[in-house]
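# Structure at a glance
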Amino acid sequence: LCRFLAHIIDETISPAPDFQHVSRAVIRSIENGGSAFELGCGHGLPACLLLRESVRRHTDSVVVFSDFNDFVLRDVTIPN
């Protein structure tokens, strides 16, 4: 998933027609005013990628990490 997201962000692939809506959603999430919510984030790698790209592009998008288990957020997600 992270590799797919990275390719969409870097525009190194042109997703199949079935995935055009995913591509547009990814780009919207890192634009000014965009947002992303990762439910059951675990390590949070997709959200970390979107957050990093948002910072790199100097946008004011919001990325929310969420997991059912607080120890996962504390011991796994935050260290990433």
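Residues numbered from 1 in each chain as written. Predicted model: local features only at pLDDT ≥ 70, side-chain atom pairs only at ≥ 80, totals over all residues. Heavy atoms only, no water.

## Structural notes on the overall build of the chain
The condition that has to hold: A run of DSSP states H or I qualifies as a helix once it reaches four residues; a run of E qualifies as a strand once it reaches two. Both are numbered from the N-terminal end. Radius of gyration means the value over C-alpha atoms here, while the globule rule gives 2.2 Å times the residue count to the 0.38 power. Only heavy atoms matter for contacts: two residues are in contact if any of them lie within 4.5 Å across the pair.
Check the secondary structure of the chain and you find four helices and two strands. Going from N to C terminus, the chain has its helices and strands arranged as α-α-β-α-β-α. For the chain, the C-alpha radius of gyration of 13 Å lies close to 12 Å, the compact-globule estimate for 80 residues. Taken along the three principal axes of its C-alpha coordinates, the chain extends 40 × 25 × 15 Å. Sequence separation of at least 24 residues holds for 58% of the intrachain contacts in the chain that already meet a minimum separation of 6.

## A few points about the nonpolar core
We apply this condition: Here the nonpolar core consists of buried residues drawn from Ala, Val, Leu, Ile, Met, Phe, Trp, Tyr and Cys, with membership extended through side-chain atoms lying within 4.5 Å. Categorising residues by exposure relies on relative accessible area from a 1.4 Å probe, with only protein chains included: less than 20% of the type maximum marks a residue as buried, more than 50% marks it as exposed, and the intermediate range marks it as partly exposed.
Within the largest apolar cluster, 10 residues are counted, these being Leu5, Ile8, Ile9, Val26, Ile30, Ala36, Ala47, Leu49, Leu50 and Val63. Taken together, the elements giving at least two residues each to this core come down to helix H1 (2–10) and helix H3 (45–56). With residues up to four places along the chain from it excluded, the contact list for Leu5 reads Val26, Pro46 and Leu49.

## So, the state of the cysteines
Defined as follows: Two cysteine sulfurs form what is called a disulfide whenever their separation falls within 2.5 Å.
Inspection of every chain in the model, using the stated rule, returns zero disulfides. Considering cysteine sulfurs only, Cys48 is the nearest to Cys41, which forms no disulfide, with 8.4 Å between them. On the accessibility criterion, Cys41 (6% relative accessible area) is buried. Its relative accessible area of 22% is what places Cys48 among the partly exposed residues.

## Regarding the environment of Cys2
Here Cys2 shows up in helix H1. Cys2 sits 62 residues away from Val64 along the chain, and the two C-alpha atoms are 16 Å apart. If we ignore the near neighbours within four places in the chain, the residues touching Cys2 are Leu45, Pro46 and Leu49.

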